[in-house]
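What follows is each chain in one-letter form.
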Amino acid sequence: MNLNIVLYQPEIPQNTGNIARTCVLTNSKLHLIKPMGFKIDDKQVKRAGLDYWNQLDLEIHESYEDFMKKYGHNKIYLSTTHAESFHDEVEYKEGDFIMFGRESSGVPEDVHSAHIGIRVPMINTTTRSLNISNTAAIVAYEALRQMGFPKMK
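Residues numbered from 1 in each chain as written. Predicted model: local features only at pLDDT ≥ 70, side-chain atom pairs only at ≥ 80, totals over all residues. Heavy atoms only, no water.

Participant: Would you take a moment to explain the environment of N15 for this structure?
Facilitator: Secondary-structure assignment places N15 in helix 1 (residues 13–25). In this structure N15 comes out as buried when scored by relative accessible area, which is 7%. Through-space distance from the C-alpha of N15 to that of N131 is 8.1 Å; in sequence the pair is 116 residues apart. Within the structure, the side chain of N15 is placed 3.2 Å from the side chain of N131, a separation counted as a polar contact. (Helix = DSSP H or I, 4+ residues; strand = E, 2+ residues; numbered from the N terminus. Buried < 20%, exposed > 50% of the residue type's maximum accessible area, 1.4 Å probe, protein only. Polar contact = N/O pair within 3.5 Å; in protein donor to acceptor, adjacent residues only side chain to side chain.)

Structure (structure tokens):
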């Protein structure tokens, strides 16, 4: 496993499906933190992930607290529009965690302040942010580039 991609209370099934597909193709593990705005077996999630679901390394956490009990000792980056550092200014290591917040509202302040913030630069700032599945792919591939694309087929 190269990376751990974490979705904090995801709301849009198609985004989760797209990110799951990226995880399979990058040999990364997907972590979903409940509550979610959909059921994992929803048709839209499955369709976006195509036929990759049986290859996905997936772990579902009942809460953020449960996730932190198990993985809080690891390096966890939080992708957020409020970070100072750009996503390519940190040094990623194999096994690092990259967390993404809810599509509508990100993460609460206590979650935000508990992690290393990173952001993807945006030239036009008249809109809120990039789509989460696009952002996850951008950050994941930068991390993998830094690591020399380990275990890529």
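Participant: What should I look at first to understand a nonpolar patch on the surface in this one?
Facilitator: Residues L25, Y141 and F149 make up a contiguous nonpolar surface patch of about 280 Å² in total accessible area. For L25, the location among the structural elements is in helix 1. Look at L25 and you get partly exposed, because its relative accessible area is 47%. (Patch = residues over 30% accessible without salt bridge, like charges linked within 9 Å, V, L, I, M, F, W, Y side chains within 5 Å. Areas by Shrake-Rupley, 256 points an atom, 1.4 Å probe, with all protein chains shown as cover. Salt bridge = Lys/Arg side-chain N within 4 Å of Asp/Glu carboxyl O.)

Participant: Which parts of the structure should I look at to understand helix 1?
Facilitator: Because each turn of an α-helix spans 3.6 residues, side chains separated by three or four positions end up pointing in the same direction. Over its 13 residues, helix 1 runs 19 Å from end to end, which matches the ideal 18 Å to within 8%, given 1.5 Å per residue. One or two residues past the end of helix 1 sits N27, with phi positive at roughly 55°. (Expected span 1.5 Å × (residues − 1).)

Participant: Even after reading the chapter, I still don't get the nonpolar core, so can you show me in this structure?
Facilitator: Ranked by size, the top nonpolar core spans 28 residues in total, and within it I5, L7, I19, L30, Y92, I98 and F100 carry the most contacts. Looking at this core, the elements that each hand over two or more residues are strand 1 (4–8), helix 1, strand 2 (29–33), strand 5 (97–100) and helix 5 (132–146). The greatest single-element share of this core, amounting to 6 residues, is contributed by helix 5. Those residues within four positions of I19 in sequence are excluded, and the remaining contacts are I5, L7, L30, I132, S133 and A136. (Core = buried A, V, L, I, M, F, W, Y, C linked by side-chain atoms within 4.5 Å. Contact = heavy atoms within 4.5 Å.)

Participant: Where do I start with the sheet that holds strand 3 (residues 57–61) in this structure?
Facilitator: The strands making up a sheet associate through hydrogen bonds between their backbones, and the pairing can be parallel or antiparallel. Spatial ordering of the open sheet is given by 3-2-1-5-4-6, a layout of 6 strands whose pairing is parallel. Two strands lie at the open edges of the sheet, namely strand 3 and strand 6 (116–118), each paired on one side alone. On average, each strand axis in the sheet is inclined to that of its neighbour by 25°, with strand direction left out of account. As paired elements, strand 2 and strand 3 share 5 bridges and run parallel to each other. Bridge pairing links I33 to H61 in strand 3. Running at roughly 150° to strand 2, helix 1 makes contact with strand 1 and strand 2 of the sheet. Of the strands in this sheet, strand 1, strand 4 (76–79), strand 5 and strand 6 touch helix 5, which is tilted by about 165° from strand 5. (Pairing = 2+ DSSP bridges. Axes fitted to C-alpha atoms, helices over the stretch in contact; angles between N-to-C directions.)

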